[in-house]
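The primary structure of each chain is shown beneath.
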Amino acid sequence: MIERKKEYDELMKDISDSIDYATYTKVFCENDLRYCKCRLSYLLESNREKEVEFEELLDRYIYAENFLKEIVEYIEELENRKKMYEGFAFLTR
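What you see is a predicted model, and the numbers here were worked out from it, not measured in a lab.

Q: Mind showing me how you'd approach the overall build of the protein here?
A: When helices and strands are counted, the protein shows 2 helices and 0 strands. At 20 Å, the protein has a C-alpha radius of gyration far larger than the 12 Å of a compact globule built from 93 residues. Along the three orthogonal principal directions, the C-alpha set of the protein runs to about 70 × 15 × 15 Å. When the 93 residues of the protein are sorted by exposure, 20% land in the buried category.

Q: Just to check I follow, could you spell out helix α1 (residues 2-45) for this structure?
A: In an α-helix there are 3.6 residues to a turn, and that puts residues three or four apart on one side. A rise of 1.5 Å per residue sets the reference length of α1, with its 44 residues, at 64 Å; its end C-alpha atoms lie 64 Å apart and thus fit the reference within 8%. Among the residues of α1, M12, I15, I19, A22, T25, C29, D32, L33, C36, L40 and L43 are the ones counted as buried. N47, located one to two residues past α1, shows a positive phi value of around 55°.

Q: Just to check I follow, could you spell out the side chain of T25 for this structure?
A: In this fold, T25 is placed in helix α1. Assessed through its relative accessible area of 13%, T25 is described here as buried. Contacts of T25, omitting those with residues within four sequence positions, involve F67 and I71.

Q: In this structure, what is going on with the pattern of salt bridges? I would like to understand it.
A: Close approach of charged atoms lets side chains of opposite charge pair. In the structure shown here, the tally under the stated rule is 6 salt bridges. Its salt-bridge partner being R39, residue E53 comes within 2.7 Å of it at the nearest N-O pair. Here E53, found in helix α2 (residues 52-92), pairs with R39, found in helix α1; they are 14 residues apart in sequence, far enough to count as distant.

Q: Teacher, can you tell me more about the nonpolar core here?
A: Looking at soluble globular proteins, one finds that nonpolar side chains tend to be buried together. With 5 residues, the main nonpolar core is built from C36, L40, L43, F54 and L57. Contributing elements (two or more residues each) for this core: α1 and α2. Per element, the largest residue contribution to this core is 3 residues, and it comes from α1.

Q: Help me understand unusual backbone geometry in this model?
A: Generally, phi is negative for residues other than glycine and the peptide bonds are trans, each holding for most cases. With a phi angle near 55°, N47 is a residue other than glycine that sits in the positive phi range. With respect to the helices and strands, the residue N47 is situated in the loop between α1 and α2.

Rules of the game
- Residues numbered from 1 in each chain as written.
- Predicted model: local features only at pLDDT ≥ 70, side-chain atom pairs only at ≥ 80, totals over all residues.
- Heavy atoms only, no water.
- Helix = DSSP H or I, 4+ residues; strand = E, 2+ residues; numbered from the N terminus.
- Rg over C-alpha atoms; globule rule 2.2 N^0.38 Å.
- Buried < 20%, exposed > 50% of the residue type's maximum accessible area, 1.4 Å probe, protein only.
- Expected span 1.5 Å × (residues − 1).
- Contact = heavy atoms within 4.5 Å.
- Salt bridge = Lys/Arg side-chain N within 4 Å of Asp/Glu carboxyl O.
- Core = buried A, V, L, I, M, F, W, Y, C linked by side-chain atoms within 4.5 Å.

Put into structure tokens, the structure is as follows:
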């Protein structure tokens, strides 16, 4: 019984750590999107959209946007898994 409690605690810690890391990554990605959006707007307003920087920023923005969607889905999956494990632990007590 103590062994299972220890395994459960380790599992919950791993999931919590993964959620924390994914949340940190999400915040970083959101900040990167804001930067890209501001910089792209500036380049458009100053008629510099033909520059290499514009294309690179646009690619970076698209990548960050897609990655953000994946991170949000991953966080939701981890949170659902955590709730499921908490429910199993409640049922086995």
